[in-house]
Amino acid sequence: MGCVQSKIKIDGGVDKKDNDSDHDAANSLLNIESWRDYPEQALVNDRSVDRRERAYWKSLLAWAPPALAKKESKEEDAAHTVTLEDSYELLAKRIIRGEIEAALPPEKNSIRIFLSSTFNDYGAERDLLLRDVLPFLKFFGSKFGIDVVISEMRWGISDESVKENRTIELCMNEIEHCRNVSVGPFFCLMLGNRYGYRPPPPMLSVSEYNDALQRAKDEENEQVLLALQSVYRLDNNLRPPSYVLLTQSVDNTSHKESIGNTITKLIRYGKGESNSYKPPSNDTQLHQELLTDFFDPPSVTEREAMNGFLSSNHQDTDKHELAKKVGIFHRNIEKYDGPHSSKYHDEFEEQLDDLKFRTKKFAVDGAFFREYQVASPVDEDVESYLLEFSNDFCQWIVKSIIDIATKRAELSEGGGQSTSLLLLREISIHHAHAQRICVGREGIVRHLVQHCKTGKGCIVLRGSSGTGKTTLLAQIAQRISMSSDMSTAILVRFLGTTPASSTSEAVTASMFMQLSMAFPDIASNALSKEDAAGMRPPARFLELVRAISSRDKRIVMIIDSLDQLDSSDPGRDAYESWLPTLFGAGVLPNVAILLSALPGHLDTIEAMPLHRIEDLPQFSLEEGEEMLDHLCQRYARGLEQKQRNEILEKFCHERSTLFLNIAFLQSLRWRSWDTNIKIPITVNKQIRLLFSQLSKDFGPQLVQAFISCLISTPGGMNLDEIREVVSMDNRVLSEAFVWHKTPDDMVPSMLIYKIVGGLEHYLVTRKVDELDTKFWYHRKFWEASVKEYLSATNSITKIHKQAIDYYAKQPTYVSPMKINTRKMRQLPHRLREIKDWPGLCEFLSNTPEALIIELESEEGRSKYASYWRSLNDATSGNTNISVETALQNFTLRDSGVITDDHIFLIADFLKEYFNAYEVSLKVFMVALKIDISDRDIFEEKYRISESRQLDCMSRIGDVYTRLSKYDEAHKWLFKSYSELKRNMGEDHSSTLCVLSLLSRLMKDWGKYKESLEYDTKLYDLSLKKFGEHHERVADAARQLARTHYLSGRYPIAIGYYSKNLTIRKLLFGDQHPQSAVALNCVGMANKVIGKYEEGLKYCRQAYDVKVELYGKEHSDTAVTIDNLGSLYHLDGRFDEAMKCYKEAWKIKRSTLGADHADTIMMFGQIGRLYHDKGELDKALPLLRRNLSERTRILDPRHPQIAVAKTPLAALLINLKEFEEAFVLAKEAVELRLDVLGPHHPYTAFSYDTLALAELGRGNINEAEKAAIMSYDIRRDVVGPSHPRCAVAHMTLSKVRSAQGRHGEALVEAKKADEVHGMSLREGHPFQQVSNDLVHKIGLKTGKGEVDQEE
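In this report, we go over the structure that sits alongside the text.

About the criteria used
- Residues numbered from 1 in each chain as written.
- Predicted model: local features only at pLDDT ≥ 70, side-chain atom pairs only at ≥ 80, totals over all residues.
- Heavy atoms only, no water.
- Axes fitted to C-alpha atoms, helices over the stretch in contact; angles between N-to-C directions.
- Helix = DSSP H or I, 4+ residues; strand = E, 2+ residues; numbered from the N terminus.
- Parallel < 35°, antiparallel > 145°, perpendicular 65-115°, else oblique.
- Left-handed = near helix turned anticlockwise from the far one by under 90°.
- Contact = heavy atoms within 4.5 Å.
- Nonpolar A, V, L, I, M, F, W, Y, C, P; charged D, E, K, R; others polar.
- Expected span 1.5 Å × (residues − 1).
- Buried < 20%, exposed > 50% of the residue type's maximum accessible area, 1.4 Å probe, protein only.
- Polar contact = N/O pair within 3.5 Å; in protein donor to acceptor, adjacent residues only side chain to side chain.
- Pairing = 2+ DSSP bridges.

**Let's talk about the packing of helix α44 (residues 989-1005) against helix α45 (residues 1008-1026)**
Move 1: The contact between α44 and α45 brings their axes to 8 Å, and the two run at 155 degrees. The orientation of α44 with respect to α45, classified from their angle, is roughly antiparallel. In this structure, α44 meets α45 at a crossing whose hand is left-handed. Within the contact between the two elements, α44 uses Ser989, Leu992, Leu995, Ser996, Leu998, Ser999, Met1002 and Lys1003 and α45 uses Tyr1008, Glu1010, Ser1011, Tyr1014, Asp1015, Lys1017, Leu1018, Leu1021, Ser1022, Lys1025 and Phe1026.
Move 2: Taken together, the residues that form the contact of α44 with α45 break down as nine nonpolar, five polar and five charged.

Okay, here's the thing in structure tokens:
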């Protein structure tokens, strides 16, 4: 055989037996010879057999870290701290407390291997690694969160870099990059029979250059002396200043002439016989030949090896640790004299042998080493060598991945360890971000530092993109960190820089964990495990902040760039969903908050309490100069005065840090002699110039496709995804294959990574769908990208279609039990973007997996619902299937995809997002495996104890409540409440939630006594459990107030409404939506007792808040305007009432639509007002339309139908249209009896109207029955002193009078007047009505005028 194993055998650098039994299985698989025991199904160049399908490699895919395999799943207590390793304990405490200087080293999640070899004779090996080995390694590494990259320098070096002699510099930089980012191996050296290309040094230090000049003079070598003086030039921009090798392409005409004159002199006066001297074919070849001979430099391959591991610069590094990260492969070909022999041999055998000797010696320290003997590079045996080489390389990296995964598993073993390490790494990234160089703005810094140290509340820094908000907050974090003590926790988050800082809930969850670890004793008592589990992260975080603040501990929160939240996060546009939590923390003592935001992102923030918005001023020229000096120092660069002036002159136009950073990074390309330079005058033009330079380096089609992928994908794209998608474009491939064609016919990975390198200062990594994605950090870049590359519709459509093709080919499941989340989220998003409505409909209605992955989060449910709504809006509802039908079908399929838990969530989703109560109810029944038609199954067969089932029951009860099926609702809710109370305790959060639902049911049902019992218990338990100033207590107070309100105990109701208002203001301040709602409640409670001015005062305050929050033209503002109208209406101020009603109607119609129930309700409001004004002709068409529109959009049994029929019937009675009035009144009574039952106060209203209609028809006995029913209901439900009982007394008085029983009529009239006198203010219009009735009946009894006081 042509390939013989070397006597030296080193397995991954470890030459000892591993006795740990946990690794036996792994060791047996990873024996260096073990792959040879498995037959190969095909030759390595047969692409039909994937490496993953070959026996040995397939067996490796089943491997899992022993520690992970043994670890039991545990539910962590989120409110308690976790144990830290002793070795990390001190550092961890500093990190948790927020010391900016304390940070863990950046976590490395990639193995990036630099391939070093001569190019011409190692093409087959390089192609084989890319085609056959790398796909397997990427797949295997992805199982453990490790990305494998092979740094292949055949691509990614631009023509400009070649012309500027920067090729070697780029290679050396790439080696350092691989060393820095790789968690395992980073260097692979492949040595054959060629020593390789030996270019002259591309750069010389000043001393090296002077030494070379002196040596040339000493040797009297005029040729070299002139070459040195002509083709090396001092670049003063380098630090230290150094001489760089020039080329003919230098844009300096005088210098080109100088080079040409030098070459002439070299030819004319060169040593030796002039006649025998043959000038080289070009200038570059001339100076390279002369200087190569003079310097006798090492080959590029040796330089790479020296830089990677052989150099004396690595003496301070642990040799064994360094060796473990290096792979060395020697290939020895016997003397070959056949065709193209120069491809495999060169004349530098001595240097090559020396290099092989030194690398083999280095391998003894633990490097992965293999040596192969190959008879001929063209024999059939070369295939055997390639097979062994590719398998050995693959084995080496697989062993490294397994070692890394095993160590990480061991660290994660023991419960919460992984959580604590993840949190420490998360905080460390933000601390590292805060360690940036910060200069200038000393006055602002001192002011904000003082706020953080001693102030409370929130300061919001407002500034446009690139004005230095992030840098300023970093500087403040540094200052505070240096002077804080152990009683202070500093929470620093630069939003969008990490996966855990890209959504509002993730941010508050990580800050909650940080505080829990900073103050473990307080955290353990602040929240029970059950309460914490039942709360959203923002609410949970606020509870902990309150507890810590009350113990004289200080909390400082610094949160940068609210606009950097992920575009799919609801919290990005609805700050009120999570920022009130932070602002609620800000009203507490010892809590200070700093935020930064763009000017257009402050509408919600401006309405929040205890905050100040401070505009960030532009940088001064002096501060710009100071910042430029710091950048030069940081990058070890200098600038000539003219270059410096150019940057600062253009900086003065925008005075932003972003402009200065981009301009300086552009200047890294400049040599000190470059004088003809122009800097674009704006940030946008700077970005366009950057894109243009990238296009020159890597091709305009590729750069456009790359950036289009980033900005067309919410949260960005993974680099492997980008490579797949852009490779579908033939124009991109033609650009990429100019120098070499890849073996897999795709864009070279290195080109993708090189583009990322060119943009690294402006990109962030996020974790989206379990992938590391790249996305713009600065909004300016996103805006410029959209304008530059996606402004044309065809460009957008093209990139989306390519992505759709890519994701559609992916499997729905990445493993038997794991859904391909990425596919499920990308396809509907892109189908909607290109308006492929049939495709979107087909996908949504046939892919339950797309729903399953979104059910667990509010963000996901909202996004999934938006797809169906977009589809419905675009097709005007003319789709093949509705969301209700599609989702119900999912629950009925016996596919194994939808679990019982999923069914439960689907039912809840349909209820909350589509008001599909009937369908939701059916799906809930499916979740509990109950036939909805089986009415006895609940009592006789069904017994539930598990928490999820009890939760499901309570939600079924809630659906029945919304459907006005109160008996059924009570059955389900009471059963759930009883079981939860018995199993969990009456003060458990879940028990209290169901108790709240029971109370609401009783209110809707009209059973106020039972509602009062439940609400009182809910309030008392909440007060005891959460304390006086808690949002849960405010909720309970509002519910209790509502019950007292409905029961006619208005002063008590106002007391509890006021308590709700007090708590809301304390937690959220005056200018907050919840405070506005509480103000409305107090105002409307005052309305009912006739205190209209008091009610107007509160409702006007609510109106002012809502205008500030939402503006005048908002549906929420319209609700308050409607309330103001009703107050004016009842106070007899009809003109002001009409103005409010019409304004509310106009806003609701424009914001909610003409068919919305709230819009249609305004017909009834305005119609009743015209009725009370006596303008019956105007009232009649409005009240008729009110009824017809409600009948059109609502279920015939909906309670609002009765609400519309009753006032219309009352108007018809006044118009003497008694027959039609009777029909409407009777229908209203029947509907309310059916829906609300015979003991509801609303039923009493309809009985009043029916009594008067019957009276008008002359059916006095029927009228009496209806009037008595009205009185009995009101007396039993709200009590005899309720104003509504006065209405029943007046109706009875009219009936008795019609019967000729005037004495009894007068008694009833006086009772009405007495009730009004006790419950309403003096002069109330209702009291005037009852007074008038007493006077009228008194005349009939012959008593004449009746004194009002009587």
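**Re the side chain of Glu1264**
Move 1: Inspection of the secondary structure puts Glu1264 in helix α57 (residues 1260-1277).
Move 2: Not counting the four nearest positions on each side in its chain, Glu1264 is found in contact with Val1295, Arg1296, Gln1299 and Arg1301.

**Let's talk about α44**
Move 1: In this model α44 runs 24 Å from its N-terminal to its C-terminal C-alpha over 17 residues, within 8% of the 24 Å that 1.5 Å per residue would give.
Move 2: Counting buried positions along α44 gives 13 out of 17 residues, so the element sits mostly inside the fold.
Move 3: Gly1006 sits one or two residues past α44 and shows a positive phi near 85 degrees.

**Brief notes about the side chain of Thr497**
Move 1: Its location among the elements puts Thr497 in the loop between β10 (488-494) and α19 (504-518).
Move 2: With relative accessibility at 12%, the residue Thr497 sits in the buried group.
Move 3: Within the structure, the side chain of Thr497 is placed 2.6 Å from the backbone oxygen of Phe494, a separation counted as a polar contact.
Move 4: With residues up to four places along the chain from it excluded, the contact list for Thr497 reads His430, His433, Val764, Thr765 and Tyr777.

**So, the sheet that holds strand β9 (residues 457-462)**
Move 1: Judged by pairing direction, the sheet is parallel, and its five strands sit side by side in the order β10-β11-β12-β9-β13 without closing on themselves. This sheet does not close on itself; its edge strands, each paired only once, are β10 and β13 (611-615). Strand after strand, the sheet turns through a mean of 15 degrees between neighbouring axes, direction not considered.
Move 2: Strands in contact with helix α18 (residues 469-483) are β9, β10, β11 (554-560) and β12 (591-597); relative to β11, the strand with the most contacts, it is inclined by about 160 degrees.
Move 3: Lying over the sheet, α19 contacts β10 and β11, oriented at roughly 155 degrees with respect to β10.

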